[in-house]
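# Descriptive structure summary
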There are 2 protein chains.
Amino acid sequence: MPRYRLTLEFDGGPFCGWQIQENGRSVQAALEDAADAMGTRDGPAVAAGRTDSGVHAMALTVHLDLAQDLIPERVMSGLNHHLRPEPVTVIEARVAPPDFHARFDARARHYLYRILNRRGPPALLAGRVWHVAKGLDAERMQAAAEALVGRHDFTSYRDTACQANSAIKTLTRLSVGRTAEVIEIRAQAPSFLHHQVRNIVGTLKLIGEGQRPVAFARQALDAKSRAAAGPTAPPHGLYFVRADYSK
Amino acid sequence: MPRYRLTLEFDGGPFCGWQIQENGRSVQAALEDAADAMGTRDGPAVAAGRTDSGVHAMALTVHLDLAQDLIPERVMSGLNHHLRPEPVTVIEARVAPPDFHARFDARARHYLYRILNRRGPPALLAGRVWHVAKGLDAERMQAAAEALVGRHDFTSYRDTACQANSAIKTLTRLSVGRTAEVIEIRAQAPSFLHHQVRNIVGTLKLIGEGQRPVAFARQALDAKSRAAAGPTAPPHGLYFVRADYSK
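Please read these numbers as outputs of a predicted model, since none were measured by experiment.

What counts, and where the lines are drawn
- Residues numbered from 1 in each chain as written.
- Chains lettered and ligands numbered in written order.
- Predicted model: local features only at pLDDT ≥ 70, side-chain atom pairs only at ≥ 80, totals over all residues.
- Heavy atoms only, no water.
- Helix = DSSP H or I, 4+ residues; strand = E, 2+ residues; numbered from the N terminus.
- Rg over C-alpha atoms; globule rule 2.2 N^0.38 Å.
- Buried < 20%, exposed > 50% of the residue type's maximum accessible area, 1.4 Å probe, protein only.
- Contact = heavy atoms within 4.5 Å.
- Areas by Shrake-Rupley, 256 points an atom, 1.4 Å probe, with all protein chains shown as cover.
- Phe/Tyr/Trp six-rings, centres within 6.5 Å; stacked < 30°, edge-to-face > 60°.
- Domains from an automatic or database assignment.
- Buried area = accessible area lost by both parts, 1.4 Å probe.
- Salt bridge = Lys/Arg side-chain N within 4 Å of Asp/Glu carboxyl O.
- Pairing = 2+ DSSP bridges.
- Expected span 1.5 Å × (residues − 1).
- Arc of directions from axis to C-beta.
- Polar contact = N/O pair within 3.5 Å; in protein donor to acceptor, adjacent residues only side chain to side chain.
- Least-squares fit on C-alpha atoms with pLDDT ≥ 70 in both.

Secondary structure summary: chain A contains five helices and eleven strands in total. In summary, chain A has a C-alpha radius of gyration of 19 Å against a globular reference of 18 Å for 247 residues, a match within 12%. The principal-axis extents of the C-alpha atoms in chain A amount to approximately 60 × 40 × 30 Å. A total of 247 residues make up chain A; the buried ones form 57% of that total. In chain A, the share of contacts with a sequence separation of at least 24, taken over all contacts with a separation of at least 6, comes to 71%. In the structure as shown, chain A presents an accessible area of about 10,500 Å², 48% of it carried by carbon and sulfur atoms.

This is the structure in structure tokens:
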């Protein structure tokens, strides 16, 4: 029963998120079905993070136990064969120690949020960015972001239905940069609260378009109330970039 | 009857190419239908280049005459409104001189070809890259590309059905670079022959994977026979980047 460590890339558009749910197709179900089709699955697939409906992944780490001792290349090609035509790909596979845990062993998670900031709607990046037609000042957004880095009570930035015991989290990095029409917001933390990145982005967007002052992000944080911060940015601009492991 | 200069971005996937054809939906028809829906079209839309079926555009210049004198912002928003949900967007609109011609006035055309070079098939870039699983040596491809730059008879690299009077063209730039798993091939010329970029890419790919020596690209050129060069690369990796104008 070898354990495999897989890295997944997926387009979150057609999925209800990572986790298996009663309504809708999940990425987890797509992967488990592919392993079942190989006739060799021996337990559930566990991911570094449970992405929401519509959220994409560039390199999501997953562990999966198989009943057969296959070389990693065979696991990767077999899973990819059976995953078609769903937009999920195993981009890396290797044998993991039996106690490797994709969720509990992850020391840091990286997210990217992309905004297409121009008048015309996206054609080539449709479903891959949040389209904001009004001009955004990325430097204002970056200045506001700096106040959120560090260890804070993120009650204002987590979903009201978030089930984490504590809202205290350490945001290691939050940066905003612009390349032509695309604004990229990068966030890194040991772990995130539910909707934390999207709620931060929705808040920074209000600041970027001048509806709120730069200090608003920090004021909302201090208020410790979800109502004090901005709205939740849509899921299709968000990417799980990768998780870091010490092993 | 003002003439407008438009810049289009489109996903070529669902289209039979730029030009109106009997079978299949064209980008030209999508744009003209949108202008008709505004009740103001006064002639055909003319593009800097006639892209093939499946080829994308980042910024294709088009001219279009309207029967009404509208401010460019209104032209852009009106066309974009009526273009939905087709994956075509007007990203810029301005008033052009009455004699501006998107095709004849273009001094240079820029193309980009993207190859995803890794084992796993694309998920996020599905339909946007040519997936080549076998490892490619971009430096070999670049060395081969250098021999094609300049004024040559490109008979070996044009489609046998190409209707241009002469196969002699000047390739101003042909460069190959790699960023992680993506190989980008950039080509620039005053004008191109039918399938010229895709036939060059198909040839460079054979060299990159070691099936042919670096000298093969030049040998194929000198043979002045389509059969001497490599196969045609698929359309969905190709992007019309932009055209340059002196006016």
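On to the packing of aromatic side chains. Using the criterion set out here, one finds ten aromatic pairs over all chains in the structure. Ring plane angle 80° and centroid distance 5.1 Å describe the contact between Tyr111 of chain A and Phe240 of chain A, whose orientation is recorded as edge-to-face. Of this pair, Tyr111 of chain A sits in strand 5 (residues 106–116) while Phe240 of chain A sits in strand 11 (residues 238–245); the two residues are 129 residues apart in sequence, bridging distant segments of the chain. With respect to burial, Tyr111 of chain A and Phe240 of chain A carry one shared label: buried. With a centroid separation of 6.2 Å and an interplanar angle of 85°, the aromatic rings of Tyr113 of chain B and Trp130 of chain B are classed as edge-to-face. Taken together, the residues Tyr113 of chain B in strand 5 (residues 106–116) and Trp130 of chain B in strand 6 (residues 130–131) connect sequence positions 17 residues apart. Through a chain of ring-to-ring contacts, the aromatic side chains of Tyr111, Phe192 and Phe240 of chain A assemble into a single cluster.

The next thing to look at is the domain arrangement of chain A. Residues and elements named next belong to chain A. Partitioning chain A into structural domains gives domain 1 (3–96) and domain 2 (108–245). The C-alpha centroid of domain 2 is placed 27 Å from the C-alpha centroid of domain 1. If you look at the interface, domain 1 gives 15 residues, while domain 2 gives 16 residues. Carbon and sulfur atoms supply 57% of the area that domain 1 and domain 2 bury against each other, a total of about 1,300 Å² over both sides. For the domain 1 face of the interface with domain 2, the top three residues by lost area are Ala48, His56 and Met58, together amounting to 43%. Counting across the domain 1 and domain 2 interface gives two salt bridges. A salt bridge links Arg198 to Asp52; the shortest N-O distance between them is 3.6 Å. When residues in the side of domain 1 that touches domain 2 are grouped by element, the largest group, six residues, is from strand 3 (residues 56–65).

With that settled, consider the pairing of strand 11 of chain A. Here is the key point about a regular strand: its side chains alternate between the two faces of the sheet. Residues and elements named next belong to chain A. Taking burial as the measure, the eight residues of strand 11 include seven buried ones, the bulk of the element. Here strand 3 pairs with strand 11 via two bridges, running parallel. Bridging from a neighbouring strand, Ala57 pairs with Phe240 of strand 11. Inspection of the sheet shows strand 5 paired to strand 11 by seven bridges, in the antiparallel sense. Across the sheet, Ala108 pairs through a bridge with Asp244, a residue of strand 11.

Moving on: helix 4 (residues 196–208) of chain B. Here helix 4 of chain B spans 18 Å end to end across 13 residues, near enough to the 18 Å set by a 1.5 Å rise per residue. Directly beyond the C-terminal end of helix 4 of chain B, a positive phi value near 85° is found at Gly210 of chain B.

Attention now goes to helix 3 (residues 138–146) of chain A. All names here are of chain A. What helix 3 keeps buried is the set Ala138, Met141, Ala144 and Ala145. Buried residues of helix 3, viewed axially, fall in a sector of 120°; they line one side. Away from its buried face by more than 90 degrees, helix 3 exposes Glu139 and Glu146. Against strand 5, strand 9 (173–179), strand 10 (182–189), helix 4 (196–208) and helix 5 (216–223) lie the buried residues of helix 3. Capping of helix 3 at its N-terminal end is provided by Asp137; its side-chain oxygen lies 2.9 Å from the backbone amide nitrogen of Glu139.

Before going further, it helps to spend a moment on the pattern of salt bridges. Inspection of the entire model under this criterion finds 30 salt bridges over all chains. Measuring nitrogen to oxygen at the nearest pair gives 3.2 Å for the salt bridge that ties Glu184 of chain B to Arg186 of chain B. Taken together, the shared-partner salt bridges in this structure form one network comprising Glu9 of chain A together with Arg118 and Glu181 of chain B.

Attention now moves to the relation of the copies chain B and chain A. Taken as rigid bodies, chain B and chain A are interconverted by a rotation of 180° and an axial shift of 0.0 Å, the fit giving an RMSD of 0.0 Å. Such a combination of turn and shift is consistent with a two-fold rotation axis. In terms of C-alpha distance to the rotation axis, chain B has Leu125 of chain B as its closest residue, with the C-alpha 4.9 Å off the axis. In this assembly, 100% of the residues forming the interface of chain B have copies in chain A that are likewise at the interface, indicating an isologous arrangement.

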